[in-house]
Amino acid sequence: MSAIVDLVERGQLTEKPDMKSGDTVRVHVKIREGDKERVQIFEGIVIGMHRGGARASFTVRKVSFGQGVERIFPLHSPTIAKVDVVRSSRVRRAKLYFLRGLKGKAARMKETKRA
Amino acid sequence: MVTGLIGRKVGMTQLFTADGTVFPATVLKAGPCVVAQVKTVDGDGYEAVQLGLVEAKPTKENKASTGHFKKAGVPPTRVRREVRVRAGGDSPKAGDQVNVSLFADGERVDVIGTSRGKGFQGVVKRHHFAGGRMSHGSMFHRAPGSIGASSFPSRVVKGMRMGGHMGDTRITTRNLKVLRVDAENNLLLVEGSVPGGPNSIVVIRKAIAAKPIRVAQVETKKKGKK
């Protein structure tokens, strides 16, 4: 992208932990209800990072009551209070879309030690 | 008061608001411009100014336009466009500087540019014809179909929509909201898209038919029984 677009986007970038596909993360999402604000946690596996300056996003997948749920978060959205990386695992590709077809034991992944 | 500015399209990005709403934004590098000529009702029949876009690289001008810029007392500029002058404010003079501080956040603007050229295109892309089925034995795919009757009128009526050159025309996108004005870097961020590709020249003017700016309605609880 051009240097000028970078300049515009720079002010919007937020500090986020270094995460990658295969990481299990806890995303703290701010939710507004009327004039009250609370934080909801969405915990799941990152199945894809989508790069691109302030437009970057990431997809988190979890299995909730037997039902697969995926949520795409804008990486630098002000509604994301924080992201915790709970666990990292060894994966061999950047986008883990194959997890959608797997369930139970088959969808497990080997943990790696974080540096 | 000068009502417009010349700029170049930079590209698109997105802007977040505090509540997480995302606005699609086009970044425009607008101005600074100089007034190269003032047109008046007496001399020209209408009120306008000719603006020149000041760029880093100076231009080589022929003798005729050198004289034109010399008259205004401004350095030669490659890109010149005319914008209307609105009553109010101080009247512009040749040699004046105009920049993005002309616009304010939340204001509505029109952006005029040249759309991307698409070359020779068929009726489906160019005029949104539905076309026919691709399969199931259909022999009618993307053809235009009938273009008129036979012996009467024995010709094709004027303006019949057919294939041909598409794009590369002057397009005005109206009533775009100004999301941010950055006077320091001569940048203007407008909501939505504008015609043309990156680095194409656009004219940004105050909207001539401005829509009222929508204010979010605050929901008030209704009294009475549920």
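Residues numbered from 1 in each chain as written. Chains lettered and ligands numbered in written order. Predicted model: local features only at pLDDT ≥ 70, side-chain atom pairs only at ≥ 80, totals over all residues. Heavy atoms only, no water.

Right, let's get into the interface of chain A and chain B. Between chain A and chain B, the contact holds 15 residues from the first and 17 residues from the second. Contact with chain B buries area across many residues of chain A, yet A:Ile4, A:Val8 and A:Gln12 alone supply 40% of it, more than any other trio. Linking chain A with chain B are 0 salt bridges. Linking chain A with chain B are 3 residue pairs in polar contact (both at pLDDT 80 or more), by the criterion used here. Ranked by residues supplied to the side of chain A that touches chain B, first place goes to helix 1 (residues 3–10) of chain A with 5 residues. In terms of residue class, the side of chain A that touches chain B is built from 8 nonpolar, 5 polar and 2 charged. (Contact = heavy atoms within 4.5 Å. Buried area = accessible area lost by both parts, 1.4 Å probe. Salt bridge = Lys/Arg side-chain N within 4 Å of Asp/Glu carboxyl O. Polar contact = N/O pair within 3.5 Å; in protein donor to acceptor, adjacent residues only side chain to side chain. Helix = DSSP H or I, 4+ residues; strand = E, 2+ residues; numbered from the N terminus. Nonpolar A, V, L, I, M, F, W, Y, C, P; charged D, E, K, R; others polar.)

Take helix 1 of chain A next. Every buried residue of helix 1 of chain A is accounted for by A:Val5, A:Val8 and A:Glu9. Buried positions in helix 1 of chain A, seen along its axis, are confined to an arc of 95 degrees and lie on one side of it. Exposed positions of helix 1 of chain A whose direction lies more than 90 degrees from the buried face are A:Ala3 and A:Arg10. Elements that come into contact with the buried residues of helix 1 of chain A comprise strand 1 (4–16), strand 2 (22–30), strand 10 (170–182) and strand 11 (187–191) of chain B. (Buried < 20%, exposed > 50% of the residue type's maximum accessible area, 1.4 Å probe, protein only. Arc of directions from axis to C-beta.)

Residues and elements named next belong to chain A. Within this structure, the stated rule accounts for 2 aromatic pairs over all chains. Ring geometry for phenylalanine 42 versus phenylalanine 73: centroids 5.8 Å apart, planes at 70 degrees, classification edge-to-face. In this pair, phenylalanine 42 is assigned in strand 2 (residues 36–50) and phenylalanine 73 in strand 4 (residues 67–74), connecting sequence segments 31 residues apart. A relative accessible area of 7% means that phenylalanine 42 is categorised as buried. A connected cluster of aromatic rings, assembled from ring pairs, spans Phe42, Phe58 and Phe73. In this arrangement the basic side chain of lysine 62 is found over the ring face of phenylalanine 42, its NZ or CZ atom lying 4.5 Å from the centre. Here arginine 71 stacks its cationic end above the ring of phenylalanine 42, 5.9 Å away from the centre of that ring. (Phe/Tyr/Trp six-rings, centres within 6.5 Å; stacked < 30°, edge-to-face > 60°. Lys NZ or Arg CZ within 6 Å of the ring centre and 35° of its normal.)

Attention shifts here to the nonpolar core. If you look at the biggest cluster of nonpolar residues, it comprises 27 residues, and the most contacted ones within it are B:Leu28, B:Leu51, B:Val109, B:Val111, B:Leu188, B:Val190 and B:Ile204. Every element with two or more residues in this core is listed here: strand 1, strand 2, strand 3 (33–39), strand 4 (48–53), strand 7 (108–114), strand 10, strand 11 and strand 12 (201–206) of chain B. Discounting residues that sit within four places of it in the chain, B:Val111 has contacts with B:Leu28, B:Ile171, B:Thr172, B:Thr173, B:Leu176, B:Val194, B:Pro195, B:Val202, B:Val203 and B:Ile204. Counting 14 residues, the second-largest nonpolar core is a separate cluster that includes A:Val25, A:Val29, A:Val60 and A:Ile80. (Core = buried A, V, L, I, M, F, W, Y, C linked by side-chain atoms within 4.5 Å.)

All names here are of chain B. Every buried residue belonging to helix 2 (residues 63–72) is among Ser65, Phe69 and Ala72, and all of these are buried. Buried residues of helix 2 fall within an arc of 55 degrees about the axis and therefore sit on the same side. Away from its buried face by more than 90 degrees, helix 2 exposes Lys63, Ala64, Lys70 and Lys71. Residues of helix 2 that are buried sit in contact with strand 3 and strand 5 (80–84). Residue glycine 73 follows helix 2 closely and has a positive phi angle near 70 degrees.

Right, let's get into the pattern of salt bridges. Residue and element names in this part refer to chain A. A full pass over the atoms with the stated rule returns 12 salt bridges over all chains. Glutamate 37 is paired through a salt bridge with arginine 32; the nearest N and O atoms lie 3.4 Å apart. Of the two residues, glutamate 37 and arginine 32, neither departs from the other in class, the shared state being exposed. For the salt bridge of arginine 61 with glutamate 70, the shortest nitrogen-to-oxygen distance reads 3.2 Å. Beyond isolated ion pairs, a larger network of salt bridges with shared partners links Arg61, Glu70 and Arg100.

Next up on the list: a nonpolar patch on the surface. A contiguous nonpolar patch, built from B:Ile147, B:Val156, B:Val157, B:Met160 and B:Met162 and spanning about 340 Å² of accessible area, is present on the exposed surface. Within the secondary structure, B:Met162 is located in the loop between helix 3 (123–127) and strand 9 (164–166). (Patch = residues over 30% accessible without salt bridge, like charges linked within 9 Å, V, L, I, M, F, W, Y side chains within 5 Å. Areas by Shrake-Rupley, 256 points an atom, 1.4 Å probe, with all protein chains shown as cover.)

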